[in-house]
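Inside the fold
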Amino acid sequence: MSTSNATKSIDVRGLYCPEPVFRTKMEIERLKIGDVLKIVADDPESEEDISRWVKRNGHELLAINKSDKDLEFVIKKAK
């Protein structure tokens with residue numbers, strides 16, 4: 001999936017645990033089922049934290065893209 005097809009994008013660079021997960025949760029709650037959220041983070045812990053949160057909450061992690069210090073998550077709201 002192209003990240004340009006995301007319904008909503010958020011930039012949480014400069015924020016550290018638990019803030020990236022908290023902001024992801026808030027934005028997912030605002031979306032409709034089937035919508036796609038793109039998150040850009042630079043906290044290395046975000047990879048595990050956000051991935052675990054997505055799985056635990058029943059959403060679909062479509063992609064994790066890494067470039068330099070940034071992590072880009074693409075999440076589809078499933079419920």
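What this report covers is the structure whose coordinates are included nearby. (Residues numbered from 1 in each chain as written. Predicted model: local features only at pLDDT ≥ 70, side-chain atom pairs only at ≥ 80, totals over all residues. Heavy atoms only, no water.)

Structural notes on helix α1 (residues 19-30)
Between its terminal C-alpha atoms α1 stretches 17 Å, which fits the 16 Å expected from twelve residues at 1.5 Å a residue. Among all positions of α1, only P20, V21, T24, E27 and I28 are buried. The arc that holds the buried residues of α1, viewed along the axis, is 130°, so those residues lie on one side. Where α1 is buried, its residues contact β1 (8-11), β2 (36-41), α2 (46-56) and β4 (70-76). (Helix = DSSP H or I, 4+ residues; strand = E, 2+ residues; numbered from the N terminus. Expected span 1.5 Å × (residues − 1). Buried < 20%, exposed > 50% of the residue type's maximum accessible area, 1.4 Å probe, protein only. Arc of directions from axis to C-beta. Contact = heavy atoms within 4.5 Å.)

Some remarks on the pairing of β1
Pairing of β1 with β2, which is carried by four bridges, proceeds in the parallel orientation. From the neighbouring strand, S9 faces β2, where its bridge partner is K38. Following the backbone out of β1, through α1 and into the adjacent parallel β2, one traces a crossover that is right-handed. (Pairing = 2+ DSSP bridges. Right-handed = clockwise from strand over helix to strand, strands pointing away.)

Remarks on the side chain of E27
Of note, E27 is situated in helix α1. Apart from the residues within four sequence positions on either side, E27 is in contact with K8, I10 and L37.

Regarding the side chain of D43
Along the chain, D43 turns up in the loop between β2 and α2. Look at D43: it is buried, it has no salt bridge, and the nearest opposite charge is R52 at 11 Å. At 3.1 Å, the side chain of D43 forms a polar contact with the backbone nitrogen of C17. Dropping the residues within four chain positions of it, D43 is found in contact with L15, Y16, C17 and L71. (Lys, Arg positive; Asp, Glu negative; His and termini not counted. Salt bridge = Lys/Arg side-chain N within 4 Å of Asp/Glu carboxyl O. Polar contact = N/O pair within 3.5 Å; in protein donor to acceptor, adjacent residues only side chain to side chain.)

Structural notes on the pattern of salt bridges
Evaluation of the coordinates by the stated rule reveals nine salt bridges. In this structure, the salt-bridge partner of K25 is E29, at a minimum N-O distance of 2.5 Å. On the criterion of helical spacing, the pair formed by K25 and E29 is a turn pair, its members being four residues apart in helix α1. Across the salt bridge formed by E47 and K66, the nearest N and O atoms sit 3.1 Å from each other. In this pair, E47 is assigned in helix α2 and K66 in strand β3 (residues 60-67), connecting sequence segments 19 residues apart. On the basis of relative accessibility, which here comes to 58%, the residue K66 falls in the exposed class. Sharing partners across several salt bridges, the network here consists of K8, E27 and R30.

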